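Structure at a glance
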Amino acid sequence: MSEFPALKDALVRAAARRRRRRRTVGAAVPAFAIAAAAFVFAFASSTPPEQERVASPLSQRFSVFARPQTDADRALPERLARAGTGGTIDLALTRRVADGAYVLATREGSVCIVMPERGNQIKVSCGPVARAAAGDAPVMTGTAKQTVRLVADGTRDVIVAYGDGSRSEVPVRDNVIVVRDPDNVRVVSWTDAAGVRHVARRASRSNLLLLLDDCRRPIEPLPADGVAQATREALLNVDRIYPSAKRARVIGTQLAPPRSCPGSDPADTVAVRLRLDTRDIVVLMGSIEGKLTPYRLKVEG
């Protein structure tokens, strides 16, 4: 019987240890839960607000409206804010894009360019967002010093052709093409995100530019990326190859079309088929003096 007091003491000590462990675990659980909650909050808060917002159809087509508005963007002169846009200007969607020019949007679903002219004159051009993005409703305006044209995201290869025959490439910034000295410009052309070439002319020209297939100008072997170069150059030269075209896109390419020059290697030529506004044309492209150049044209339809 002397064993029972010792057993009783052992059981009491074991129960006390279990109670201490439960208190320790019970105190640790709220602390862990608080720490986990803090981690989740910190992780959720790390996502920038810009990423949480769903992009609007406007900013999906014209990323200039997706960037944060700066003080210069907000400083829309009052007289420009009163311009006749045909709607109510959304003051959160004004962006300064060039010298004195702004692009802006209206609450009714249009996108506009406004810019001051001499005196109190204001130049305004507007169009529905979807049609402006597709190029069906050109949004552009200008002064004697510059013209500004709105273009959608993905626009590339902007070429300005001048009256003296020179050509230069200009960048696209803030979804606009800015062309200086517009009186000397004859053609502005560009390729959109879908690969369609757009051609805007200042004055009418002849319907067809004759390409001379001069056998004294030998066609050199194509480079490794000759087809890609020929495709791009054919689009870039649409305004010279077929001056009346307003749009063009590549619908096919073919190697080794026939050439009439004696001793020529047909494998050194790329035939680029272009679909214009109302007809198809085939442009033969060859490497002449190291550059893919159009040398013969076939009009279809």
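Right above here is the structure, for reference.
Per-chain numbering applies: the sequence of each chain, read as written, is numbered from 1 onward. Only residues with pLDDT of 70 or above have their local features reported here, since the model is predicted, and side-chain atom pairs are shown and tallied only from 80 upward, although totals for entire chains, interfaces and linings are computed over all residues. Note: side-chain values were computed over all heavy atoms of the structure, leaving out hydrogens and water.

Some thoughts on the overall build of the protein
The condition that has to hold: Put simply, DSSP H or I for four residues or longer makes a helix, DSSP E for two residues or longer makes a strand, and each gets a number counted from the N terminus. Exposure categories follow from relative accessible area, calculated using a 1.4 Å probe and restricted to protein chains: below 20% of the type maximum is buried, above 50% is exposed, and the middle band is partly exposed. Should any heavy atoms of two residues lie within 4.5 Å, those residues are counted as being in contact. Accessibility throughout is a Shrake-Rupley quantity obtained with a 1.4 Å probe, and a residue counts as covered only by protein chains that appear here.
A count of helices and strands for the protein gives 8 helices and 15 strands. Here the protein, with 301 residues, has 38% of them falling under the buried criterion. Residue pairs in contact within the protein that sit at least 24 positions apart in sequence constitute 57% of those at least 6 positions apart. On the protein, roughly 17500 Å² of surface is accessible, and the fraction owed to carbon and sulfur atoms is 55%.

Considerations on the environment of Ala-81
In this structure, Ala-81 sits in helix α5 (residues 78-81). Of the residues examined, Ala-81 reaches a relative accessible area of 32% and is grouped as partly exposed. For Ala-81 and Val-114, which are 33 residues apart along the polypeptide, the C-alpha to C-alpha distance reads 8.8 Å. Each residue touching Ala-81, except ones within four places of it in the same chain, is listed here: Leu-76 and Ile-89.

Points about the sheet that holds strand β5 (residues 140-142)
Note the threshold: Strands were regarded as paired on the criterion that DSSP finds at least two bridges between them. Lines are fitted to the C-alpha atoms to define the axes, a helix being fitted only along its stretch in contact, and any angle between axes, read from their N-to-C directions, falls within 0 to 180 degrees.
Here 3 strands make up an open sheet; going across it, the order is β5-β6-β9 and the pairing antiparallel. The open sheet has two free edges, formed respectively by β5 and β9 (176-180), since each of these has just one partner strand. The mean inter-strand angle of the sheet, taken between neighbouring strand axes irrespective of direction, is 15°. Of the pairings in the sheet, the one linking β5 to strand β6 (residues 146-150) comprises 3 bridges and is antiparallel in character.

Some thoughts on the state of the cysteines
Threshold: When the sulfur atoms of two cysteines come within 2.5 Å, that pair is taken as a disulfide.
If you walk through the whole model with that rule in mind, you get 1 disulfide. Put simply, Cys-112 and Cys-126 are joined by a disulfide, and their sulfur atoms are 2.1 Å apart. Here the S-S torsion is close to 110°, and the disulfide linking Cys-112 with Cys-126 is therefore right-handed. Here Cys-112, found in strand β3 (residues 110-116), pairs with Cys-126, found in strand β4 (residues 122-128); they are 14 residues apart in sequence, far enough to count as distant.

Some points on the pattern of salt bridges
For clarity, the threshold we go by: Here a salt bridge means any side-chain nitrogen of Lys or Arg lying within 4 Å of a carboxyl oxygen belonging to Asp or Glu.
Across all of its chains, the model carries 10 salt bridges by this definition. Asp-73 is the salt-bridge partner of Arg-67, the closest N and O atoms lying 2.5 Å from each other. Judged by relative accessible area, which is 2%, Asp-73 ranks as buried. One salt bridge in this structure joins Arg-180 and Asp-99, with 3.5 Å as the shortest N-O distance. Residue Arg-180 is found in strand β9, and its partner Asp-99 is found in the loop between β1 (89-98) and β2 (101-106); the two are separated by 81 residues along the sequence. On the accessibility criterion, Arg-180 (45% relative accessible area) is partly exposed.

So, the sheet that holds β4
If you trace the 4 strands from one edge of the open sheet to the other, you get β1-β2-β3-β4, paired in antiparallel fashion. At either margin of the open sheet sits one strand with a lone partner, and together these are β1 and β4. With strand direction ignored, the average angle separating the axes of adjacent strands in the sheet is 20°. As paired elements, β1 and β2 share 5 bridges and run antiparallel to each other. Paired with Arg-96 across the bridge in β2 is Tyr-102.

A closer look at the side chain of Asp-280
For clarity, the threshold we go by: Any pair of N or O atoms that falls within 3.5 Å is considered a polar contact. Within protein, one atom must be able to donate a hydrogen and the other to accept it, and sequence-neighbouring residues count only if both atoms are side-chain atoms.
Residue position: Asp-280 is located in strand β14 (residues 280-288). Engagement of the side chain of Asp-280 in a polar contact is seen with the side chain of Arg-275, the distance being 2.9 Å.

Thoughts on the side chain of His-198
Checked against the element boundaries, His-198 lands in strand β11 (residues 196-201). Of note is the side chain of His-198, whose polar atom sits 2.9 Å from the side chain of Asp-192. Ignoring sequence-local partners within four residues, the contact set of His-198 consists of Ala-134, Val-188, Ser-189, Trp-190, Asp-192, Lys-246 and Arg-247.

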